[in-house]
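# Examining the three-dimensional arrangement
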Amino acid sequence: MRGLVIILMALDHVRDFFNADALHFSPTDLAHTYPALFLTRFITHYCAPTFVLLAGASAFLHGKKTG
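Reading guide: rules and limits
- Residues numbered from 1 in each chain as written.
- Predicted model: local features only at pLDDT ≥ 70, side-chain atom pairs only at ≥ 80, totals over all residues.
- Heavy atoms only, no water.
- Helix = DSSP H or I, 4+ residues; strand = E, 2+ residues; numbered from the N terminus.
- Buried < 20%, exposed > 50% of the residue type's maximum accessible area, 1.4 Å probe, protein only.
- Contact = heavy atoms within 4.5 Å.
- Polar contact = N/O pair within 3.5 Å; in protein donor to acceptor, adjacent residues only side chain to side chain.

Another aspect to go through is the side chain of threonine 33. Within the secondary structure, threonine 33 sits in the loop between helix H1 (2–18) and helix H2 (35–43). Using a relative accessible area of 16% as the deciding quantity, one classes threonine 33 as buried. When residues no more than four places from it in sequence are discounted, the contact partners of threonine 33 are Phe25, Pro27 and Phe38.

Written out as structure tokens, the structure is:
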């Protein structure tokens, strides 16, 4: 699961590199964006909290197993 989140975070960073239009307007501005750009930006808002949650759960489970 953490690997999937890392891939989505990489998608967010690569999207700006390959999509020059994303630098001229906000990908979440519905007046200028298109569905693929909006969805890739929208889904990446959940990456950081999910990654932290999974890292915490992993640390908890590891501590429970070794403690």
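Looking now at the side chain of threonine 44. Residue placement: threonine 44 occurs in the loop between H2 and helix H3 (47–66). A polar contact of 3.3 Å, which involves the side chain of threonine 44, links it to the backbone oxygen of threonine 40. When residues no more than four places from it in sequence are discounted, the contact partners of threonine 44 are Leu8 and Asp12.

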